[in-house]
Amino acid sequence: MEKKVLNEMFENLLHIGNKKNYWNPKMKDYIYGIVNGIHVINLVETSKKLDEVKNELQELAKSGKKILFVATKLQARDAFSNLAKETGNFYVTEKWVPGLLTNFKTIRKRIATYIRLSKEAENNAFDVLPKKEKAAKLLELSKLDKAFSWLKEMKKVPDVVFVVDGVFEAQAVREANSLKLPVFAILNTNGDPDKVTNFIPANTNSVKSLDYIASKLKEALAWIKVVAKTKAPRKLTAKKPATKKVVKKSTEKKEK
């Protein structure tokens with residue numbers, strides 16, 4: 001393990017866990033010790049698990065899988081919304097809408113309403129409405145924008161779900177598990193590893209910690225989007241069926 005990597009993680013506060021009485025015994029293998037009543041996360045294990053998650057997400061992205069990043073914690077919103085945008089994935093940072101995964105058909109209708117209202121607002125269609133009706137439309141658009149602003153292109157249930165803090169995003173984890181989707185997470189010392197496919201043991205309460213993890217995930221995923229853009233799509237042309245040349249024999253008698 002490189003000392004430089006461990007120092008970076010330490011400086012970015014990835015080692016700070018929760019209070020010792022607020023923990024899950026399933027996380028004991030990832031805890032180094034206790035300082036002033038606070039669990040200290042073992043950064044050697046964090047580094048190993050971060051590499052595992054990066055590699056697994058990278059392989060999924062290479063095969064064309066789309067990731068939904070769920071980061072409604074205030075500390076995580078900016079880092080993970082930027083991560084999703086720059087890697088061509090989806091994100092939820094304002095509020096988890098119940099049924100987003102398990103009742104996607106209904107949610108898709110709400111997204112369609114959001115897209116329609118957005119277009120109407122762009123075309124100044126609300127200006128011809130009475131003030132009261134216009135205000136109601138703008139209020140609805142504002143609510144839908146918070147819920148679905150980066151899900152407009154999500155035509156189907158995502159292939160993979162990544163949550164920032166598996167405890168805080170328990171509803172998203174439950175829905176993903178019910179659909180048997182791969183779930184990746186950042187787990188603090190109170191997390192449950194059994195509910196996710198793989199995880200990164202780290203501080204989920206610090207902006208510095210979450211920014212650091214997001215930057216490392218971006219390194220693994222961003223170049224895949226760049227490669228996909230630079231590859232020119234092949235033009236497929238239908239091959240013409242092979243035809244045999246037919247030589248017609250002359251039936252006319254040769255003049256003597």
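A. Quick peek at the pattern of salt bridges. Using the criterion set out here, one finds 14 salt bridges in the structure. The partner of K216 in a salt bridge is E8, with the nearest N and O atoms 4.0 Å apart. Of this pair, K216 sits in helix α7 (residues 207-230) while E8 sits in helix α1 (residues 3-11), and the two are 208 residues apart along the sequence. For E8, a relative accessible area of 25% puts it in the partly exposed group. Residue K26 is joined to D194 by a salt bridge in which the shortest nitrogen-to-oxygen separation is 3.0 Å. Separated by 168 residues along the polypeptide, K26 in the loop between β1 (16-19) and β2 (31-35) and D194 in the loop between β7 (183-187) and β8 (198-201) bring together distant segments of the chain. Look at the salt bridges and you will find they share partners, linking E8, K216 and E219 into a network.

B. Representation of helix α2 (residues 43-62) in the model. Relative to the 28 Å expected for 20 residues at 1.5 Å per residue, α2 spans 28 Å between its end C-alpha atoms, a close match to the ideal helical length. Along α2, the positions that sit buried rather than exposed are L43, T46, S47, K49, L50, V53, K54, L57, Q58 and A61. Two residues or fewer after α2 comes G64, characterised by a positive phi angle close to 90 degrees.

C. The arrangement of the sheet that holds β2 in detail. As summarised here, the arrangement of the three strands in space is β1-β3-β2, forming an open sheet in which the pairing is antiparallel. At either end of the open sheet lies a strand with only one pairing partner, and these are β1 and β2. Pairwise comparison of adjacent strand axes, ignoring direction, gives a mean angle of 30 degrees for this sheet. Bridge count between β2 and strand β3 (residues 38-41): four bridges; the pairing is antiparallel. Among the inter-strand pairings, I31 is bridged to a residue of β3, identified as I41.

D. Spatial organisation of the packing of helix α4 (residues 104-122) against helix α5 (residues 131-148). The interhelical angle for the contact between α4 and α5, taken along N-to-C directions, is 125 degrees, at an axis separation of 9 Å. Taken as axis vectors, α4 and α5 run oblique relative to one another. Note on packing geometry: the crossing formed by α4 with α5 is left-handed. Residues I107, R110, I111, T113, Y114, R116, L117, S118 and A121 of α4 form the contact with α5, whose participating residues are K137, E140, L141, L144, D145 and F148. Considering only residue class, the contact of α4 with α5 consists of eight nonpolar, two polar and five charged.

E. Region of the structure containing the packing of aromatic side chains. Within the structure shown, the criterion is met by four aromatic pairs. Each ring, one from F69 and one from F80, has its centre 6.2 Å from the other, and the planes form 45 degrees; the classification is tilted. Here F69, found in strand β4 (residues 67-70), pairs with F80, found in helix α3 (residues 77-87); they are eleven residues apart in sequence, far enough to count as distant. Considered together, F69 and F80 belong to a single accessibility category, that of buried residues. Each ring, one from F80 and one from F162, has its centre 6.0 Å from the other, and the planes form 20 degrees; the classification is stacked. Here F80, found in helix α3, pairs with F162, found in strand β6 (residues 160-164); they are 82 residues apart in sequence, far enough to count as distant. Residue class for F80 comes out buried when judged on its relative accessible area of 1%.

The rules we used
Positions within a chain are numbered from 1, following the residues in the order the chain's sequence is written. For this predicted model, a pLDDT threshold of at least 70 governs which residues receive local features, and a threshold of 80 or more governs which side-chain atom pairs are given and counted, while totals over whole chains, interfaces and linings are taken from all residues. Only hydrogens and water are removed before side-chain values are computed, so all heavy atoms of the structure are retained for them. Criterion for a salt bridge: a side-chain nitrogen of Lys or Arg within 4 Å of a carboxyl oxygen of Asp or Glu. Each helix is a run of H or I in the DSSP string that is no shorter than four residues. Each strand is a run of E no shorter than two, and both are numbered from the N terminus. When a residue's accessible area, from a 1.4 Å probe over protein chains only, is under 20% of the maximum for its type it is buried; when over 50% it is exposed; and in between it is partly exposed. How far a helix is expected to stretch is found by multiplying one less than its residue total by 1.5 Å. In this analysis, strands are considered paired if DSSP registers two or more bridges between them. Between N-to-C directions, angles cover 0 to 180 degrees, with each direction set by a line fitted to C-alpha atoms, over the stretch in contact for helices. The labels follow the angle: roughly parallel below 35 degrees, roughly antiparallel above 145, roughly perpendicular from 65 to 115, and oblique for the rest. Handedness of a helix crossing follows the sense of rotation of the near helix relative to the far helix, less than a right angle counterclockwise being left-handed and clockwise being right-handed. Any two residues whose heavy atoms approach within 4.5 Å at even a single point are treated as in contact. Gly is placed with the polar residues, together with every amino acid not listed as nonpolar (Ala, Val, Leu, Ile, Met, Phe, Trp, Tyr, Cys and Pro) or charged (Asp, Glu, Lys and Arg). Aromatic pairs are defined between Phe, Tyr and Trp rings, using the six-membered ring for Trp, whenever the two ring centres lie within 6.5 Å; interplanar angles under 30 degrees are classed as stacked, those over 60 as edge-to-face, and all others as tilted.

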